[in-house]
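What follows is each chain in one-letter form.
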Amino acid sequence: QTLERERRLTDDAAHELRSPLTAIKTHLQVAAMTEGDTARRALAQAEIGTDRLHRTLEQLLMLARVEGQVSFDDGLRCTALEVAQQAIADASQQAGPPIELHASENLPRTPLAMPPALAIAALRNLLDNARRHTRDGTVVHLMLEPLGEGKVRFAVQDQGPGIAPEQVERFTERFWRSSNGDGSGLGLSIVKAIAERCGCELAFDPCSEGLQVELIVALETPS
(Lines give C-alpha, C1' and ligand atoms only; values in the text may rest on other atoms or scores of the structure.)
Protein backbone atom coordinates (compact mmCIF):
# COMPACT_ATOMS: atom_id res chain seq x y z
CA GLN A 1 0.00 0.00 0.00
CA THR A 2 2.86 2.38 0.80
CA LEU A 3 4.57 1.68 -2.52
CA GLU A 4 1.31 2.12 -4.42
CA ARG A 5 0.63 5.41 -2.63
CA GLU A 6 4.11 6.67 -3.47
CA ARG A 7 3.74 5.59 -7.11
CA ARG A 8 0.46 7.48 -7.43
CA LEU A 9 1.96 10.55 -5.81
CA THR A 10 4.93 10.44 -8.20
CA ASP A 11 2.67 10.03 -11.23
CA ASP A 12 0.32 12.80 -10.12
CA ALA A 13 3.19 15.15 -9.30
CA ALA A 14 4.88 14.57 -12.65
CA HIS A 15 1.64 15.31 -14.48
CA GLU A 16 0.88 18.37 -12.35
CA LEU A 17 4.35 19.93 -12.66
CA ARG A 18 4.68 19.42 -16.40
CA SER A 19 2.21 22.16 -17.38
CA PRO A 20 3.68 25.03 -15.30
CA LEU A 21 7.21 24.10 -16.36
CA THR A 22 6.17 24.17 -20.00
CA ALA A 23 4.46 27.54 -19.53
CA ILE A 24 7.50 29.05 -17.81
CA LYS A 25 9.78 27.84 -20.61
CA THR A 26 7.44 29.33 -23.23
CA HIS A 27 7.32 32.72 -21.49
CA LEU A 28 11.12 32.80 -21.22
CA GLN A 29 11.45 31.97 -24.91
CA VAL A 30 9.08 34.81 -25.79
CA ALA A 31 11.08 37.19 -23.58
CA ALA A 32 14.30 36.16 -25.31
CA MET A 33 12.87 36.79 -28.77
CA THR A 34 11.14 40.11 -28.06
CA GLU A 35 11.83 43.49 -26.52
CA GLY A 36 10.08 46.23 -24.57
CA ASP A 37 6.65 45.66 -23.01
CA THR A 38 6.17 42.27 -24.64
CA ALA A 39 9.38 40.94 -23.12
CA ARG A 40 8.56 42.43 -19.71
CA ARG A 41 5.09 40.88 -19.72
CA ALA A 42 6.54 37.50 -20.64
CA LEU A 43 9.09 37.71 -17.82
CA ALA A 44 6.34 38.73 -15.36
CA GLN A 45 4.27 35.70 -16.39
CA ALA A 46 7.30 33.45 -16.02
CA GLU A 47 7.84 34.80 -12.49
CA ILE A 48 4.19 34.13 -11.59
CA GLY A 49 4.56 30.59 -12.91
CA THR A 50 7.75 30.10 -10.92
CA ASP A 51 6.07 31.26 -7.69
CA ARG A 52 3.17 28.87 -8.27
CA LEU A 53 5.54 26.00 -9.03
CA HIS A 54 7.50 26.77 -5.85
CA ARG A 55 4.30 26.66 -3.74
CA THR A 56 3.28 23.37 -5.34
CA LEU A 57 6.67 21.81 -4.60
CA GLU A 58 6.49 22.97 -0.97
CA GLN A 59 3.04 21.40 -0.64
CA LEU A 60 4.27 18.14 -2.19
CA LEU A 61 7.18 17.99 0.24
CA MET A 62 4.90 18.65 3.19
CA LEU A 63 2.46 15.94 2.08
CA ALA A 64 5.30 13.43 1.65
CA ARG A 65 6.68 14.25 5.11
CA VAL A 66 3.29 14.01 6.81
CA GLU A 67 2.43 10.68 5.16
CA GLY A 68 5.93 9.33 5.77
CA GLN A 69 7.81 8.64 8.97
CA VAL A 70 9.36 12.11 9.35
CA SER A 71 9.07 13.35 12.93
CA PHE A 72 7.63 16.81 13.57
CA ASP A 73 7.89 16.56 17.35
CA ASP A 74 10.43 19.18 18.40
CA GLY A 75 9.30 19.18 22.02
CA LEU A 76 7.35 22.43 21.64
CA ARG A 77 3.65 22.78 22.34
CA CYS A 78 1.21 25.61 21.60
CA THR A 79 -2.28 26.48 22.76
CA ALA A 80 -5.19 26.62 20.32
CA LEU A 81 -5.16 30.43 20.39
CA GLU A 82 -1.43 30.58 19.64
CA VAL A 83 -1.89 28.21 16.69
CA ALA A 84 -4.79 30.30 15.36
CA GLN A 85 -2.82 33.55 15.62
CA GLN A 86 0.24 32.10 13.85
CA ALA A 87 -1.85 30.49 11.10
CA ILE A 88 -3.62 33.80 10.46
CA ALA A 89 -0.28 35.64 10.29
CA ASP A 90 1.11 33.08 7.82
CA ALA A 91 -1.99 33.06 5.60
CA SER A 92 -2.20 36.86 5.57
CA GLN A 93 1.22 37.20 3.94
CA GLN A 94 -0.51 36.64 0.60
CA ALA A 95 -2.97 39.16 -0.79
CA GLY A 96 -6.60 38.32 -0.22
CA PRO A 97 -9.66 38.84 2.00
CA PRO A 98 -9.09 39.54 5.69
CA ILE A 99 -9.52 36.87 8.35
CA GLU A 100 -11.63 37.56 11.45
CA LEU A 101 -10.88 35.51 14.57
CA HIS A 102 -13.78 34.74 16.90
CA ALA A 103 -12.26 33.06 19.96
CA SER A 104 -14.31 31.90 22.93
CA GLU A 105 -13.51 33.67 26.19
CA ASN A 106 -13.18 30.38 28.05
CA LEU A 107 -10.56 28.79 25.83
CA PRO A 108 -8.30 26.45 27.81
CA ARG A 109 -4.63 27.27 28.11
CA THR A 110 -3.75 23.60 27.84
CA PRO A 111 -1.51 22.94 24.80
CA LEU A 112 -2.77 20.95 21.85
CA ALA A 113 -1.81 17.28 21.75
CA MET A 114 0.02 17.60 18.43
CA PRO A 115 3.19 19.28 17.13
CA PRO A 116 2.64 23.02 16.55
CA ALA A 117 4.12 22.81 13.03
CA LEU A 118 1.40 20.39 11.95
CA ALA A 119 -1.42 22.24 13.70
CA ILE A 120 -0.39 25.55 12.12
CA ALA A 121 0.08 23.95 8.68
CA ALA A 122 -3.37 22.36 8.78
CA LEU A 123 -5.14 25.55 9.86
CA ARG A 124 -3.15 27.72 7.42
CA ASN A 125 -4.17 25.49 4.53
CA LEU A 126 -7.83 25.75 5.56
CA LEU A 127 -7.52 29.54 5.72
CA ASP A 128 -5.71 29.69 2.35
CA ASN A 129 -8.46 27.63 0.76
CA ALA A 130 -11.21 29.81 2.27
CA ARG A 131 -9.52 33.05 1.14
CA ARG A 132 -9.27 31.78 -2.44
CA HIS A 133 -12.99 31.05 -2.62
CA THR A 134 -14.63 33.83 -0.58
CA ARG A 135 -16.21 36.70 -2.50
CA ASP A 136 -14.57 40.11 -2.88
CA GLY A 137 -15.61 42.51 -0.15
CA THR A 138 -16.25 39.76 2.39
CA VAL A 139 -14.15 38.18 5.14
CA VAL A 140 -13.14 34.70 6.21
CA HIS A 141 -14.29 33.75 9.69
CA LEU A 142 -12.23 31.58 12.03
CA MET A 143 -14.16 30.38 15.08
CA LEU A 144 -12.35 28.82 18.01
CA GLU A 145 -14.15 27.22 20.95
CA PRO A 146 -13.62 24.50 23.56
CA LEU A 147 -15.47 21.21 23.44
CA GLY A 148 -16.08 18.64 26.10
CA GLU A 149 -13.72 15.71 26.65
CA GLY A 150 -10.60 17.83 26.37
CA LYS A 151 -10.92 19.04 22.78
CA VAL A 152 -11.08 22.33 20.89
CA ARG A 153 -12.86 23.16 17.66
CA PHE A 154 -11.46 25.26 14.83
CA ALA A 155 -14.13 26.27 12.27
CA VAL A 156 -13.22 28.13 9.08
CA GLN A 157 -16.13 29.74 7.22
CA ASP A 158 -15.79 31.33 3.79
CA GLN A 159 -18.39 33.37 1.93
CA GLY A 160 -17.92 31.86 -1.48
CA PRO A 161 -20.23 30.48 -4.15
CA GLY A 162 -20.73 27.24 -2.26
CA ILE A 163 -20.26 23.73 -3.57
CA ALA A 164 -22.51 20.80 -4.35
CA PRO A 165 -22.75 18.25 -1.49
CA GLU A 166 -21.76 15.41 -3.83
CA GLN A 167 -18.40 17.10 -4.40
CA VAL A 168 -17.50 17.15 -0.70
CA GLU A 169 -15.97 13.66 -0.80
CA ARG A 170 -13.52 14.86 -3.48
CA PHE A 171 -12.20 17.81 -1.46
CA THR A 172 -9.23 15.91 -0.07
CA GLU A 173 -8.20 14.17 -3.31
CA ARG A 174 -4.72 15.11 -4.43
CA PHE A 175 -4.70 17.79 -7.11
CA TRP A 176 -8.50 18.05 -7.21
CA ARG A 177 -9.79 21.61 -7.72
CA SER A 178 -13.25 23.06 -8.00
CA SER A 179 -14.09 24.83 -11.25
CA ASN A 180 -13.11 28.21 -9.77
CA GLY A 181 -10.07 27.03 -7.83
CA ASP A 182 -6.55 28.16 -8.67
CA GLY A 183 -4.54 26.55 -5.90
CA SER A 184 -2.27 23.52 -6.13
CA GLY A 185 -5.05 21.09 -5.23
CA LEU A 186 -2.93 19.77 -2.33
CA GLY A 187 -3.90 21.96 0.62
CA LEU A 188 -6.89 19.92 1.80
CA SER A 189 -5.04 16.66 1.11
CA ILE A 190 -2.40 17.84 3.55
CA VAL A 191 -5.05 18.76 6.13
CA LYS A 192 -6.56 15.28 5.84
CA ALA A 193 -3.14 13.62 6.19
CA ILE A 194 -2.35 15.72 9.28
CA ALA A 195 -5.75 14.94 10.80
CA GLU A 196 -5.24 11.20 10.27
CA ARG A 197 -1.70 11.29 11.64
CA CYS A 198 -2.63 13.28 14.75
CA GLY A 199 -6.06 11.77 15.48
CA CYS A 200 -8.03 14.93 14.67
CA GLU A 201 -11.59 15.10 13.36
CA LEU A 202 -12.15 16.83 10.02
CA ALA A 203 -15.60 17.70 8.62
CA PHE A 204 -16.90 19.73 5.67
CA ASP A 205 -20.28 21.45 5.85
CA PRO A 206 -21.55 23.10 2.64
CA CYS A 207 -23.73 26.08 3.58
CA SER A 208 -26.21 28.14 1.59
CA GLU A 209 -23.40 30.65 1.10
CA GLY A 210 -19.92 29.23 1.22
CA LEU A 211 -18.35 26.34 3.06
CA GLN A 212 -17.52 25.67 6.70
CA VAL A 213 -14.70 23.31 7.61
CA GLU A 214 -14.27 21.99 11.16
CA LEU A 215 -11.05 20.68 12.63
CA ILE A 216 -11.38 19.20 16.12
CA VAL A 217 -8.12 18.71 18.00
CA ALA A 218 -7.46 17.02 21.35
CA LEU A 219 -5.72 18.78 24.20
CA GLU A 220 -2.77 17.33 26.07
CA THR A 221 -3.72 15.28 29.09
CA PRO A 222 -1.97 16.06 32.37
CA SER A 223 0.91 13.71 33.03
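See the structure shown above.
From a predicted model like this one, the values you see are computed outputs, not experimental measurements.

A.B. asks: What's the story with the overall build of the protein chain in this structure? I'm lost.
C.D. replies: Looking only at helices and strands, the protein chain has five helices and five strands in total. The contacts of the protein chain with a sequence gap of at least 6 include a subset with a gap of at least 24, amounting to 72%. In the form shown here, the protein chain has an accessible surface area of approximately 12600 Å², with 50% of it arising from carbon and sulfur atoms.

A.B. asks: Would you mind showing me how to read helix α3 (residues 80-91) here?
C.D. replies: In an α-helix, one turn spans 3.6 residues; hence positions three or four apart end up facing the same way. Along its 12 residues, α3 runs 16 Å from first to last C-alpha, staying within 8% of the 16 Å computed at 1.5 Å per residue. For α3, the elements touching its buried residues are β1 (99-103), α4 (116-133), β2 (140-147) and β3 (151-157).

A.B. asks: How should the pairing of β2 be read in this particular structure?
C.D. replies: A regular strand places its side chains so that they alternate between the two faces of the sheet. As defined by bridge partners, β1 adjoins β2 across five bridges and the pair is classed as parallel. Residue E100 lies in a different strand from β2, and its bridge partner there is H141. Traced from β1 through α4 to β2, the parallel crossover comes out left-handed. Connecting β2 to the antiparallel partner β3 that follows it, the hairpin turn spans three residues, and E149 within it adopts a positive phi of roughly 60°.

A.B. asks: Got a minute to help me understand helix α5 (residues 187-198) in this structure?
C.D. replies: Its 12 residues place the ends of α5 17 Å apart at the C-alpha level, agreeing with the 16 Å of an ideal helix rising 1.5 Å per residue. Among all positions in α5, only G187, L188, S189, I190, V191, A193, I194 and A195 are buried. Here the buried face of α5 lies against α2 (36-67), α4, β4 (201-206) and β5 (211-218). Two residues or fewer past α5, G199 is found with a positive phi of approximately 70°.

A.B. asks: Any chance you could explain the nonpolar core here in plain terms?
C.D. replies: Grouped burial of nonpolar side chains is what soluble globular proteins tend to show. Ranked by size, the top nonpolar core spans 48 residues in total, and within it L112, L123, L127 and F154 carry the most contacts. The dominant element in this core, judged by the number of residues it contributes, is α4, at nine residues.

A.B. asks: Help me out: how do you make sense of the state of the cysteines in this one?
C.D. replies: Put plainly, two cysteines are in a disulfide when a covalent bond ties their sulfur atoms together. With the rule as written, the count across this model stands at zero disulfides. With no disulfide of its own, C200 lies closest to C198 among cysteine sulfurs, the gap being 5.3 Å. You can call C200 buried: its relative accessible area is 13%.

A.B. asks: How do you make sense of the pattern of salt bridges when you look at a structure like this?
C.D. replies: Per the counting criterion, the structure on display carries six salt bridges. With a shortest N-O distance of 2.9 Å, E214 and R153 are connected by a salt bridge. Placement of the pair is E214 in strand β5 and R153 in strand β3, with a sequence separation of 61 residues. When salt bridges with common partners are traced through the structure, they connect E145, R153 and E214 into a single cluster.

A.B. asks: Before we go on, may I ask you to explain the pairing of β3 in this structure?
C.D. replies: Along β3, six of the seven residues are buried, which leaves the element largely enclosed by surrounding structure. As paired elements, β2 and β3 share seven bridges and run antiparallel to each other. Residue P146 lies in a different strand from β3, and its bridge partner there is V152. Bridging between β3 and β5 involves seven bridges; their strand directions are antiparallel. Across the sheet, F154 pairs through a bridge with L215, a residue of β5.

A.B. asks: I'm lost on the packing of α3 against α4 in this one. Help?
C.D. replies: For any two helices packed against each other, the geometry is given by the interaxial angle and the distance between the axes. It is at 8 Å that the axes of α3 and α4 come closest, and there the two elements cross at 50°. One element, α3, and the other, α4, form an angle in the oblique class. Relative to α4, the crossing made by α3 is right-handed. Seen from α3, the contacting residues are V83, A84, Q86, A87, I88, D90 and A91; seen from α4, they are A119, I120, L123, R124, L127, D128 and R131. In terms of residue class, the contact of α3 with α4 is made up of nine nonpolar, one polar and four charged.

Cut-offs and rules
- Residues numbered from 1 in each chain as written.
- Predicted model: local features only at pLDDT ≥ 70, side-chain atom pairs only at ≥ 80, totals over all residues.
- Heavy atoms only, no water.
- Helix = DSSP H or I, 4+ residues; strand = E, 2+ residues; numbered from the N terminus.
- Contact = heavy atoms within 4.5 Å.
- Areas by Shrake-Rupley, 256 points an atom, 1.4 Å probe, with all protein chains shown as cover.
- Expected span 1.5 Å × (residues − 1).
- Pairing = 2+ DSSP bridges.
- Right-handed = clockwise from strand over helix to strand, strands pointing away.
- Buried < 20%, exposed > 50% of the residue type's maximum accessible area, 1.4 Å probe, protein only.
- Core = buried A, V, L, I, M, F, W, Y, C linked by side-chain atoms within 4.5 Å.
- Disulfide = S-S within 2.5 Å.
- Salt bridge = Lys/Arg side-chain N within 4 Å of Asp/Glu carboxyl O.
- Axes fitted to C-alpha atoms, helices over the stretch in contact; angles between N-to-C directions.
- Parallel < 35°, antiparallel > 145°, perpendicular 65-115°, else oblique.
- Left-handed = near helix turned anticlockwise from the far one by under 90°.
- Nonpolar A, V, L, I, M, F, W, Y, C, P; charged D, E, K, R; others polar.

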